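Here are the chains, one letter per residue:
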Amino acid sequence: MKPEALLHPTPAGLFCPVGEFYIDPVRPVGRALITHGHSDHARAGHRHVLATRQTLDIMRIRYGEDFCESEQAAEFGEVLDVGGVTITFHPAGHVLGSAQIAVEKDGLRIVASGDYKRGTDPTCASFQPVACDVFITEATFGLPVFHHPEPRREIGKLLTSIEQFPERTHLVGAYSLGKAQRVIRLIRDCGWDKPIYIHGALAKLCDYYERQGIALGDLRPATIDKSTPDLFKGAIVVGPPSAFQDRWARRFNEPLIAFASGWMMVRQRAKQGGVELPLVISDHCDWPELLETIKEIAPSEVWVTHGREEALVRWCELQGIAAKPLHLVGYEDEGD
Ligand SMILES: [Zn+2]
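Residues numbered from 1 in each chain as written. Predicted model: local features only at pLDDT ≥ 70, side-chain atom pairs only at ≥ 80, totals over all residues. Heavy atoms only, no water.

Visitor: Looking at this structure, how should I read the coordination of the zinc ion?
Guide: Geometrically, a metal with four donors at the corners of a regular tetrahedron has ideal angles of 109.5 degrees, and one with six donors at the corners of a regular octahedron has ideal angles of 90 or 180 degrees. Each protein donor to the zinc ion is listed here as H36 (NE2), H38 (ND1), H94 (NE2) and D115 (OD); together their distances run 2.2 to 2.3 Å. For the zinc ion, the single-chain donor residues occur in sequence as H-x1-H-x55-H-x20-D. Remark: D115 occurs in the loop between β10 (108–112) and β11 (134–139) and H38 occurs in the loop between β4 (31–33) and β5 (46–51); sequence separation between them is 77 residues. (Donors = N, O, S within 2.8 Å, 3.2 Å for Na, K, Ca; no water. Helix = DSSP H or I, 4+ residues; strand = E, 2+ residues; numbered from the N terminus.)

Visitor: How do you make sense of the sheet that holds strand β8 (residues 85–91) when you look at a structure like this?
Guide: Sheet strands pair by backbone hydrogen bonding; their relative direction is either parallel or antiparallel. Spatially, the seven strands line up as an open sheet ordered β7-β8-β9-β10-β11-β18-β19, and their pairing is mixed. What marks the edges here is a single partner per strand, and that holds for β7 (80–82) and β19 (322–325). Adjacent strand axes in the sheet meet at a mean angle of 25 degrees when their direction is disregarded. For strand β18 (residues 301–307) and β19, the ladder comprises four bridges, and the chain directions are parallel. Its bridge partner being in β19, W303 is matched across the sheet by K324. Where helix α8 (residues 287–297) meets the sheet, it contacts β11 and β18, and its direction lies at approximately 175 degrees from that of β11. (Pairing = 2+ DSSP bridges. Axes fitted to C-alpha atoms, helices over the stretch in contact; angles between N-to-C directions. Contact = heavy atoms within 4.5 Å.)

Visitor: Help me out: how do you make sense of the nonpolar core in this one?
Guide: The tendency in soluble globular proteins is for nonpolar side chains to be buried side by side. Counting residues in each nonpolar core, the largest one holds 33 residues, and the members touching the most others are L158, V172, V183, I187, I236, V238 and L279. Of all the secondary-structure elements, those providing two or more residues to this core are α3 (151–164), α4 (179–189), β13 (196–198), α5 (203–211), β15 (236–239), β16 (256–260) and β17 (277–279). Take this core: its biggest share by element is five residues, from α4. The residues touching V183, leaving out its near neighbours within four places in the chain, are I155, V172, A174, A260 and I281. (Core = buried A, V, L, I, M, F, W, Y, C linked by side-chain atoms within 4.5 Å. Buried < 20%, exposed > 50% of the residue type's maximum accessible area, 1.4 Å probe, protein only.)

Visitor: Can you help me understand the pairing of strand β12 (residues 170–173) in this one?
Guide: Across a regular strand the side chains alternate sides, sitting on one face of the sheet and then on the other. Burial along β12 is two-sided: H170 and V172 facing one way and L171 and G173 facing the other are all buried. For β12 and β15, the ladder comprises four bridges, and the chain directions are parallel. Within β15, the residue paired with L171 across the bridge is V237. Two elements, β12 and β16, share four bridges in a ladder whose sense is parallel. Across the sheet, L171 pairs through a bridge with I257, a residue of β16.

Visitor: What exactly am I supposed to notice about the packing of aromatic side chains here?
Guide: Evaluated as defined, the whole model comprises eleven aromatic pairs. Both rings, one in F141 and one in W263, keep their centres 4.5 Å apart while their planes meet at 50 degrees; by these two values the pair is tilted. Taken together, the positions of F141 in the loop between β11 and α3 and W263 in the loop between β16 and α7 (267–272) put the pair 122 residues apart, joining distant regions of the chain. Take F141: its relative accessible area is 0%, and that puts it in the buried class. Summarising the aromatic geometry, the rings of F244 and W248 are spaced 5.9 Å apart at their centres and angled 5 degrees between planes, so their arrangement reads as stacked. (Phe/Tyr/Trp six-rings, centres within 6.5 Å; stacked < 30°, edge-to-face > 60°.)

Visitor: Looking at this structure, how should I read the packing of α8 against helix α9 (residues 309–318)?
Guide: A packed helix pair is summarised by two numbers, namely the angle formed by the two axes and the spacing between the axes. α9 packs onto α8 with a crossing angle of 40 degrees between their chain directions and a minimal axis gap of 12 Å. Regarding the angle of α8 to α9, the classification is oblique. At the point where α8 passes α9, the crossing takes the right-handed sense. Each of W287, L290, L291, I294 and K295 in α8 lies in contact with α9, whose residues at this interface are A311, L312, W315 and C316. Its residues assigned to classes, the contact of α8 with α9 comprises eight nonpolar, no polar and one charged. (Parallel < 35°, antiparallel > 145°, perpendicular 65-115°, else oblique. Left-handed = near helix turned anticlockwise from the far one by under 90°. Nonpolar A, V, L, I, M, F, W, Y, C, P; charged D, E, K, R; others polar.)

Visitor: Would you explain the environment of G93 in this entry?
Guide: Here G93 shows up in the loop between β8 and β9 (99–105). Assessed through its relative accessible area of 3%, G93 is described here as buried. Residues G93 and C124 lie 31 residues apart in sequence; the distance between their C-alpha atoms is 5.9 Å. Ignoring sequence-local partners within four residues, the contact set of G93 consists of S98, K117, C124, A125, S126 and F127.

Visitor: What is the right way to look at the sheet that holds β4 in this model?
Guide: Within the open sheet, the six strands sit side by side as β1-β2-β3-β4-β5-β6. Their pairing is mixed. Looking at which strands have only one partner, the edges of the open sheet turn out to be β1 (8–10) and β6 (68–73). With direction set aside, neighbouring strand axes in the sheet form an average angle of 35 degrees. Alignment of β5 against β6, held across five bridges, turns out to be parallel. Bridge pairing in β6 places A51 opposite A73. Sitting on the sheet, helix α2 (residues 53–63) is in contact with β5 and β6, with an inclination near 155 degrees to β6.

Visitor: What is the right way to look at the pattern of salt bridges in this model?
Guide: One side chain can pair with another of opposite charge once the charged atoms of both are near each other. Throughout the structure, instances matching the rule amount to 18 salt bridges. A salt bridge links E65 to R60; the nearest nitrogen and oxygen atoms lie 2.8 Å apart. Classification of E65 as exposed rests on a relative accessible area of 59%. Note that E154 and R153 form a salt bridge whose closest N and O atoms lie 3.6 Å from each other. The network of salt bridges with common partners includes R53, D57, R60, E65 and E71. (Salt bridge = Lys/Arg side-chain N within 4 Å of Asp/Glu carboxyl O.)

Here's what the structure looks like:
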């Protein structure tokens with residue numbers, strides 16, 4: 001069987017005609033296999049959804065009880081059959097519940113890795129390399145300029161800034177699923193045991209992470225009114241980056257805007273977003289991690305989806321590995 005007969009791109013997403021299912025479809029479909037809960041990969045409205053328990057829970061939290069008609073939870077490593085195709089889920093190290101999906105038929109195995117990273121992250125299971133014929137990789141940071149620093153060093157910058165500006169409220173922008181919880185956990189691991197204030201948009205997901213055994217410490221709602229002007233002096237407030245554009249953010253005392261994202265490597269992006277303290281913390285692979293992963297898995301073919309496909313395709317070809325871009329659309333990396 002040719003790999004393209006087992007899995008190929010369509011406008012609705014990656015499609016397996018043999019098993020009649022899609023992986024991370026961007027339109028409502030009959031049967032969807034979902035890698036993780038970010039909104040560009042996990043959408044509401046599919047008839048049947050197969051995903052890890054945590055991804056299903058996260059979809060329910062975000063979209064409500066009726067996010068699909070029926071669901072099935074996949075354990076990591078559990079061997080499942082979908083329409084005569086063998087399916088296994090494996091940790092992707094991206095956010096809580098995130099998985100790579102291995103699709104296998106007649107001795108041919110394709111792994112769709114979704115979004116993934118290789119660095120340590122105590123808030124989710126670590127990426128596991130899975131031997132395969134075709135490895136489908138993202139390329140969000142697929143250019144040689146992208147090297148992500150040690151995340152604890154970035155959190156160190158935040159804590160130093162609080163020491164230097166003890167009057168100012170430090171507002172840390174972080175996407176609500178995955179990045180926010182990881183940043184909070186990192187702040188704790190760097191020794192900050194005071195309360196961390198969170199924007200309401202993070203509350204349900206932080207609660208869920210706690211229930212899944214990821215301790216986030218003393219979290220309090222970042223509700224500010226006239227009676228508590230001093231409460232947030234020198235405090236850390238974590239919220240979705242969009243919240244810091246509105247009036248709510250300006251009520252804090254001399255707010256200092258930080259933003260935790262892989263894109264903060266690009267100075268222009270930080271400047272445009274009015275970010276005073278860029279923190280380069282990413283839930284995606286940087287360039288060296290992408291190369292290291294492909295070398296380790298040693299697939300005979302690499303398909304590159306969403307991101308900067310061309311550089312990675314060229315690198316694979318120089319290594320003697322067949323490679324092509326899939327040009328999938330609709331993946332805006334909600335959790336970069
Ligand atoms: Zn993602």
